[in-house]
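The residues making up each chain are set out below.
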Amino acid sequence: SSYIHKLLKIIHPESKLTISKPSVSILDSFLQDTFEKIATEAGKLCRYNKKSTMTQREIQTAVRLLIPGELGKHAVSEGSKVFLRNPAAYAKLSR
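Residues numbered from 1 in each chain as written. Predicted model: local features only at pLDDT ≥ 70, side-chain atom pairs only at ≥ 80, totals over all residues. Heavy atoms only, no water.

Caption draft 1: Examining the overall build of the protein more closely. Secondary structure summary: the protein contains five helices and zero strands in total. Ordered by position in the sequence, the α and β elements of the protein form the string α-α-α-α-α. Considering the protein as a whole, with its 95 residues, one finds that 16% of them fall into the buried category. Total accessible area on the protein is roughly 7600 Å²; 61% of this is exposed by carbon and sulfur atoms. (Helix = DSSP H or I, 4+ residues; strand = E, 2+ residues; numbered from the N terminus. Buried < 20%, exposed > 50% of the residue type's maximum accessible area, 1.4 Å probe, protein only. Areas by Shrake-Rupley, 256 points an atom, 1.4 Å probe, with all protein chains shown as cover.)

Structure (C-alpha cells):
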C-alpha cells in the first residue's frame, strides 16, 4: 500500500492529492489480483516458448491478452512511457 502513495506522488508531484485508507485497501487488492494474473499468464508464455527468463515482451503480451482492446494497448503504452520518461521512477518504487 505504500507503493500507492509513492506512485501518486510520482504521477502528480505538484498536487496535494490524498487517498483514504479504505480506498488504498481496495486498490491494493485489485493491483495484487491483477499482478498475479499478469505474472501467471507471462509464466505460461515463457513455458510455451521454452524460455526460462520472463522479459518485458512476455509481460506486455500477457497484458494485451488479459486487458481487452484499446485499454490493453493503452496500458502497455503508458507502462512503457513511465519508465522511458522517468528512469528514476523505478528506483523510487523499488525502495
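Caption draft 2: Highlighting the side chain of Glu58. Mapped onto the elements, Glu58 comes out in helix 3 (residues 56-66). Using a relative accessible area of 4% as the deciding quantity, one classes Glu58 as buried. Of the polar contacts made by the side chain of Glu58, one reaches the side chain of Lys51; its length is 2.9 Å. Aside from chain neighbours lying at most four places away, what touches Glu58 is Ala42, Leu45, Cys46, Lys51 and Thr53. (Polar contact = N/O pair within 3.5 Å; in protein donor to acceptor, adjacent residues only side chain to side chain. Contact = heavy atoms within 4.5 Å.)

Caption draft 3: Representation of a nonpolar patch on the surface in the model. On the surface, Leu27, Phe30 and Leu31 cluster together into a nonpolar patch covering about 270 Å² of accessible area. Note that Leu27 resides in helix 2 (residues 21-48). (Patch = residues over 30% accessible without salt bridge, like charges linked within 9 Å, V, L, I, M, F, W, Y side chains within 5 Å. Salt bridge = Lys/Arg side-chain N within 4 Å of Asp/Glu carboxyl O.)

Caption draft 4: Representation of the environment of Lys81 in the model. Looking at the element boundaries, Lys81 is found in helix 4 (residues 69-85). The class of Lys81 is partly exposed, set by a relative accessible area of 35%. Within polar-contact distance, the side chain of Lys81 engages the side chain of Glu78 at 2.9 Å.

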